[in-house]
Amino acid sequence: MPDHKHRILVVEDEASILLGLKENLEVAGYEVLTATDGPSALKLGVEARPALILLDVMLPGMSGYEVCRKLREQGLQMAIVMLTARQEEFDKLHGFEMGADDYVTKPFSVGELLARVKAILLRGGRQQAGPRVYEFDVFLLDLEERVLKKKGPGSRVQGSGKKMQRARDAGPVIAAEGDRWEEIVLTRTEFDLLAYFCANEGKALSRERLMNDVWGTGYFGTQRSLDSFVASLRSKIEKKPGEPTHILTVHGVGYKFVGKEEQRT
Ligand code: CA
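The sections below set out a description of the structure shown in this document. Predicted model, so just to flag it, every value in this text is computed and none were measured.

So, how was this worked out
- Residues numbered from 1 in each chain as written.
- Predicted model: local features only at pLDDT ≥ 70, side-chain atom pairs only at ≥ 80, totals over all residues.
- Heavy atoms only, no water.
- Salt bridge = Lys/Arg side-chain N within 4 Å of Asp/Glu carboxyl O.
- Helix = DSSP H or I, 4+ residues; strand = E, 2+ residues; numbered from the N terminus.
- Buried < 20%, exposed > 50% of the residue type's maximum accessible area, 1.4 Å probe, protein only.
- Pairing = 2+ DSSP bridges.
- Axes fitted to C-alpha atoms, helices over the stretch in contact; angles between N-to-C directions.
- Phe/Tyr/Trp six-rings, centres within 6.5 Å; stacked < 30°, edge-to-face > 60°.
- Contact = heavy atoms within 4.5 Å.

**Things to note about the pattern of salt bridges**
For the structure on display, the rule yields 15 salt bridges. Across the salt bridge formed by Lys-43 and Glu-47, the nearest N and O atoms sit 3.4 Å from each other. Placement of the pair is Lys-43 and Glu-47 together in helix α2 (residues 38-48), with a separation of 4 residues, close to one helical turn. Judged on exposure class, the residue Lys-43 and its partner Glu-47 are both exposed. The salt bridge involving Arg-207 is made with Asp-227; its shortest N-O contact spans 3.1 Å.

**Remarks on the sheet that holds strand β6 (residues 133-136)**
A sheet is described by the order of its strands in space; here 4 strands give the open sequence β6-β7-β8-β9, paired in antiparallel fashion. Since the sheet does not close on itself, it has two edges, and those belong to β6 and β9 (181-184), each with one partner. The sheet shows a mean angle of 25° between the axes of neighbouring strands, direction not considered. Here strand β8 (residues 147-151) pairs with β9 via 4 bridges, running antiparallel.

**Some words on the packing of aromatic side chains**
Counting across every chain of the model gives 3 aromatic pairs. Ring geometry for Phe-136 versus Phe-257: centroids 5.1 Å apart, planes at 85°, classification edge-to-face. Of the two residues, Phe-136 is situated in strand β6 and Phe-257 in strand β12 (residues 254-257); the sequence distance between them amounts to 121 residues. Across this residue pair, the class does not change: Phe-136 and Phe-257 are buried. Note on Phe-197 and Phe-257: the rings are 6.1 Å apart at their centroids and 20° apart in plane angle, and the pair reads as stacked. Taken together, the residues span a long stretch of sequence, with Phe-197 in helix α7 (residues 188-199) and Phe-257 in strand β12 at a distance of 60 residues.

**Here's the deal with the pairing of β6**
Here 4 bridges tie β6 to strand β7 (residues 139-142), and the two strands are oriented antiparallel to one another. Residue Tyr-134 lies in a different strand from β7, and its bridge partner there is Leu-141. Counted along the chain from β6 to the antiparallel partner β7, the turn is 2 residues long, and its residue Asp-137 has a positive phi close to 50°.

**Details of the sheet that holds strand β4 (residues 79-85)**
Strands pair in a sheet through their backbones, by hydrogen bonds, and they do so in one of two ways: parallel or antiparallel. Strand order in the open sheet formed by 5 strands is β2-β1-β3-β4-β5, and the pairing between neighbours is parallel. The outermost strands of the open sheet, each flanked by one partner alone, are β2 (31-35) and β5 (102-106). Pairs of neighbouring strands in the sheet enclose a mean axial angle of 20°, with direction left out of account. Sheet analysis places β4 next to β5, joined by 5 bridges and oriented parallel. What sits directly across from Val-81, in β5, is Asp-102. In the packing of α2 onto the sheet, the strands contacted are β1 (7-11), β2 and β3 (52-56), and the crossing angle to β2 comes to about 145°.

What follows is the structure in structure tokens.
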């Protein structure tokens, strides 16, 4: 049972689906907001800060992909689940690149959708014991603020004094005066996956275990989705995503995370 009402934004231009989702989610105890086109979905997403958005792909005004991308550009971290009609052939990689966490194909069963909504909200709300900051290579993963920062001399970087201060306060100090920090934008699922890798550094993790522990048992996705998230994470933290030195493939098993490149065997 949720100890507070999670707010969910449902974006769907088909009135019967919208109404059905709203009613079922309300019965399940959620506070539900609705929008029927892209621009108003974006506005509500920014202003009402829902914990989760169920986002139709084909919408008047602006596509669901576009809404998703714009929300992520503003640094918003809510869970986003894309709703796609079977004939639209949801482009999984594109959707995940735009920052979606998951997707369901219409027509879907209400039971399946509710299970997935519950799983994804639980995942976000889970508080785990252990370090709140992980350092590896030139990165700092801050679990409190849910940000990944990259230390570097890069000139693209906008290192603000405020961010540096926060990094110092967070625990282990890898920041020094003059360091510049670049914030690497991760989707909610990428963040959860990376945090899980960091917490289990050096262990060979099976795909089954990763999917169960990171996505939760309510997850109905395939192992291909996991691979898509790993590919996307590699593109953000590996110098050469094709020759990873942090998220290593363990053939026949799954993946292993190593923080330091020299640990590679
Ligand atoms: Ca539609």
